[in-house]
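Listed below are the residues making up each chain.
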Amino acid sequence: MPESNPRVINGRPLKSINQYYNKVKSFLQSQLQENRSSKRLKKLCNKREFKINDYLHKASRLIIDTLINQMQRNSDNRA
């Protein structure tokens, strides 16, 4: 049976990004009339989306790199 080391991806940065987004969005919406949007709200939403996508991409890249290294070690051990 191949050895495997468990990996844990920290979810706190995602939670932090969402907390900041909700805090600023709430403030900005309180400054606007009901059911309105603004350039700052759109920019905030885009920035949040980019940060989340970046973090998830880095996490998935870490998982893939770990699996590739593990597969290479297993093939080296068999040879």
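I will try to describe carefully the structure that is included in this document. (Residues numbered from 1 in each chain as written. Predicted model: local features only at pLDDT ≥ 70, side-chain atom pairs only at ≥ 80, totals over all residues. Heavy atoms only, no water.)

Time to look at the nonpolar core. One finds Y21, V24, L28, L41 and L44 forming the largest nonpolar core, which totals five residues. Among the elements of the structure, α1 (12–31) and α2 (39–78) are those that each provide at least two residues to this core. A per-element tally of this core places α1 first, with three residues. With residues up to four places along the chain from it excluded, the contact list for L44 reads Y20, Y21, V24, K25 and L28. (Core = buried A, V, L, I, M, F, W, Y, C linked by side-chain atoms within 4.5 Å. Buried < 20%, exposed > 50% of the residue type's maximum accessible area, 1.4 Å probe, protein only. Helix = DSSP H or I, 4+ residues; strand = E, 2+ residues; numbered from the N terminus. Contact = heavy atoms within 4.5 Å.)

Glancing now at the environment of Q33. With respect to the helices, strands and loops of the structure, Q33 is situated in the loop between α1 and α2. On the basis of relative accessibility, which here comes to 61%, the residue Q33 falls in the exposed class. Along the primary structure Q33 and S75 are separated by 42 residues, whereas in three dimensions their C-alpha atoms are 63 Å apart.

Here we come to the pattern of salt bridges. Pairing between side chains of opposite charge can happen when the charged atoms of each approach one another. The full count for this structure, using the stated rule, is two salt bridges. A salt bridge links D54 to K58; the nearest nitrogen and oxygen atoms lie 3.2 Å apart. Here D54 and its partner K58 are both found in helix α2, four residues apart, which amounts to about one turn of the helix. In this structure, the salt-bridge partner of D65 is R61, at a minimum N-O distance of 2.9 Å. With D65 and R61 both in helix α2 and four residues apart, this pair spans about one turn of that helix. Given the relative accessible area of 32%, D65 is considered partly exposed. (Salt bridge = Lys/Arg side-chain N within 4 Å of Asp/Glu carboxyl O.)

So, about α1. Residue pairs three or four apart in sequence face the same way in an α-helix, which turns once every 3.6 residues. Taking 1.5 Å as the rise per residue, α1 with 20 residues should run 28 Å; its terminal C-alpha atoms sit 29 Å apart, in good agreement. Along α1, the positions that sit buried rather than exposed are I17, Y21, V24 and L28. All buried residues of α1 project into a common sector of 80° when viewed along the axis, lining one side. Of the exposed residues in α1, those oriented more than 90 degrees away from the buried face are R12, K15, Q19, K23 and S30. Where the residues of α1 are buried, they touch α2. (Expected span 1.5 Å × (residues − 1). Arc of directions from axis to C-beta.)

Interpretation note: all reported values are geometric properties and have no functional meaning in isolation.
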